[in-house]
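Descriptive analysis of the structure
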Amino acid sequence: MNYKMVRAGVDYSTRPPDWNVFARELLERDRTFVGRYLSSRVKGATSEEIAAMRAAGIDMFFWWETTETRALSGKNAGAADAKSALAFLRQLGAPEITPVYYTVDTDTTGLSVRDYFEGIAQVVPLRQIGAYGGYRVIKYLFDHGLVTYGAQTEAWSYLDGRWPTPPRWDPRAQLRQWTVHKGPAAPVTVCGVVCDGLEAMAPDFGQWRLSGDKEDEMADELARLARVTEVADSFDRAADHAYQREIIKRLGGDPTVADEILAAKATDVEAERRRLGLIQDE
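Here's a quick rundown of the structure.

What follows is about the overall build of the chain. Tallying secondary structure elements over the chain gives eight helices and nine strands in all. Here the chain holds 282 residues, and 50% of them are scored as buried. Accessible surface, the chain as shown: approximately 13,100 Å² in total, 49% of it carbon and sulfur.

What follows deals with the pairing of strand β1 (residues 7-11). Most of β1 is tucked away: five of the five residues are buried. Residues R7, G9 and D11 of β1 are buried on one face, and the alternating residues A8 and V10, pointing to the opposite face, are buried as well. When β1 meets strand β2 (residues 31-37), the two strands line up parallel, connected through four bridges. In the strand pairing of β2, G9 is matched with F33.

Even without being a glycine, D30 presents a positive backbone phi close to 60°. Turning to its location among the elements, D30 is positioned in the loop between α1 (19-28) and β2. Even without a glycine there, the phi angle at W156 is positive, about 65°. As for its placement among the helices and strands, W156 is situated in the loop between β6 (149-153) and β7 (175-178).

Attention now goes to the packing of aromatic side chains. Throughout the structure, instances matching the rule amount to 15 aromatic pairs. Seen in terms of ring centroids, F61 and Y101 are 5.3 Å apart; in terms of plane orientation they differ by 70°. Their pairing is edge-to-face. Of the two residues, F61 is situated in strand β3 (residues 59-64) and Y101 in strand β4 (residues 100-103); the sequence distance between them amounts to 40 residues. Among the aromatic residues, those joined into a cluster by ring pairs are F33, F61, W63, Y101, Y132, Y149 and F205. The ring of Y37 has K43 sitting right over it, with the charged end atom 4.3 Å from the ring centre. Here R168 stacks its cationic end above the ring of Y135, 5.3 Å away from the centre of that ring.

Between α1 and helix α2 (residues 47-56), the shortest axis-to-axis distance is 9 Å and the interhelical angle comes to 40°. Taken together, the axes of α1 and α2 lie oblique to each other. When the axes of α1 and α2 are compared, the crossing they make is right-handed. Contacts from W19, N20, F22, A23, L26 and L27 of α1 reach α2 at E48, E49, A52, M53 and A56. Residue composition of the contact of α1 with α2, by class: eight nonpolar, one polar and two charged.

Here we come to α1. Count 3.6 residues to each turn of an α-helix, and residues three or four apart come out pointing the same way. Where α1 is concerned, the buried positions are W19, F22, A23 and L26. The buried side chains of α1 occupy one side of the element, clustering within an arc of 100° when seen end-on. Among the residues of α1, the N-terminal cap falls to D18, whose side-chain oxygen and the backbone nitrogen of N20 are separated by 2.8 Å. Trailing α1 by a residue or two, D30 shows a phi angle of about 60°, which is positive.

Summed over all chains, the structure comprises ten salt bridges. We note a salt bridge from R70 to D81, for which the minimum N-O separation is 3.0 Å. Taken together, the positions of R70 in the loop between β3 and α3 (75-92) and D81 in helix α3 put the pair eleven residues apart, joining distant regions of the chain. Exposure remark for R70: the relative accessible area of 25% places this residue in the partly exposed category. Judged by relative accessible area, which is 3%, D81 ranks as buried.

So, on to the pairing of β2. Most of β2 sits inside the fold, with six of its seven residues counted as buried. Inspection of the sheet shows β2 paired to β3 by five bridges, in the parallel sense. Across the sheet, residue Y37 finds its bridge partner in β3, namely W63. In terms of handedness, the path from β2 via α2 over to β3 forms a crossover that is right-handed.

All right, on to the environment of T69 then. Assignment of secondary structure puts T69 in the loop between β3 and α3. Given a relative accessible area of 41%, T69 falls into the partly exposed group. Linking T69 and D107, residues 38 residues apart in sequence, is a C-alpha distance of 9.3 Å.

Procedures and definitions
- Residues numbered from 1 in each chain as written.
- Predicted model: local features only at pLDDT ≥ 70, side-chain atom pairs only at ≥ 80, totals over all residues.
- Heavy atoms only, no water.
- Helix = DSSP H or I, 4+ residues; strand = E, 2+ residues; numbered from the N terminus.
- Buried < 20%, exposed > 50% of the residue type's maximum accessible area, 1.4 Å probe, protein only.
- Areas by Shrake-Rupley, 256 points an atom, 1.4 Å probe, with all protein chains shown as cover.
- Pairing = 2+ DSSP bridges.
- Phe/Tyr/Trp six-rings, centres within 6.5 Å; stacked < 30°, edge-to-face > 60°.
- Lys NZ or Arg CZ within 6 Å of the ring centre and 35° of its normal.
- Axes fitted to C-alpha atoms, helices over the stretch in contact; angles between N-to-C directions.
- Parallel < 35°, antiparallel > 145°, perpendicular 65-115°, else oblique.
- Left-handed = near helix turned anticlockwise from the far one by under 90°.
- Contact = heavy atoms within 4.5 Å.
- Nonpolar A, V, L, I, M, F, W, Y, C, P; charged D, E, K, R; others polar.
- Arc of directions from axis to C-beta.
- Polar contact = N/O pair within 3.5 Å; in protein donor to acceptor, adjacent residues only side chain to side chain.
- Salt bridge = Lys/Arg side-chain N within 4 Å of Asp/Glu carboxyl O.
- Right-handed = clockwise from strand over helix to strand, strands pointing away.

No statement about biological role is implied by the geometric values presented.
Here's what the structure looks like:
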């Protein structure tokens with residue numbers, strides 16, 4: 001398989017003087033998406049920021065982090081955080097079905113955060129669960145079917161030596177974060193805001209497509225459904241259809257016309273399933 005960067009982005013935890021200028025400068029540097037925190041603190045995404053990103057055509061995805069070691073706190077913490085993340089998505093006007101990356105911002109093992117991610121899964125479905133962390137954490141969570149999305153940081157990923165020896169990347173992680181060294185999407189400073197560099201290794205990394213319309217957003221969710229069936233290695237047409245109807249309803253559509261809308265999308269959905277190997281040509 002060919003694991004080339006699809007697009008470049010950034011993440012950051014401070015605010016620039018002017019969001020519109022900041023967004024324009026990101027585009028000038030070919031950074032077309034941003035990773036932002038769901039938080040009421042200064043590091044959190046704001047409605048003004050979202051408006052500026054939408055105007056510039058820059059997509060956004062979300063992190064959840066209260067403390068660096070929160071993911072070591074067990075199932076109850078995971079369930080509580082998932083509920084809080086949903087509340088922040090509603091507050092920002094993002095679809096509640098938007099995936100969230102729950103951070104493991106410390107050097108630890110996957111086993112040590114298993115309970116936390118099982119707690120998250122008590123509140124939201126697998127298709128909405130992502131994780132941020134080093135190589136060992138991301139690999140473990142993918143291996144055990146606890147996440148659909150992974151954002152791997154170069155930190156805690158140098159298992160084969162120190163820089164300039166490359167980090168060890170898990171190929172299933174849709175995002176790669178560069179915090180120090182100059183990878184293909186190096187860290188940058190924009191309008192005085194220090195930004196980590198992000199590489200998107202897949203077209204779908206759980207982003208809220210601010211650059212598109214409601215139909216684009218629905219198409220993203222249908223593609224995500226196919227991705228989830230790949231992760232789960234199962235396919236249930238009845239559950240599939242029910243989920244698609246829920247997508248249409250939550251995006252402001254009339255679920256009673258779901259069949260008509262889905263029929264129009266059938267060719268695209270089938271092509272996506274073939275691409276993922278869910279349908280085999282005879």
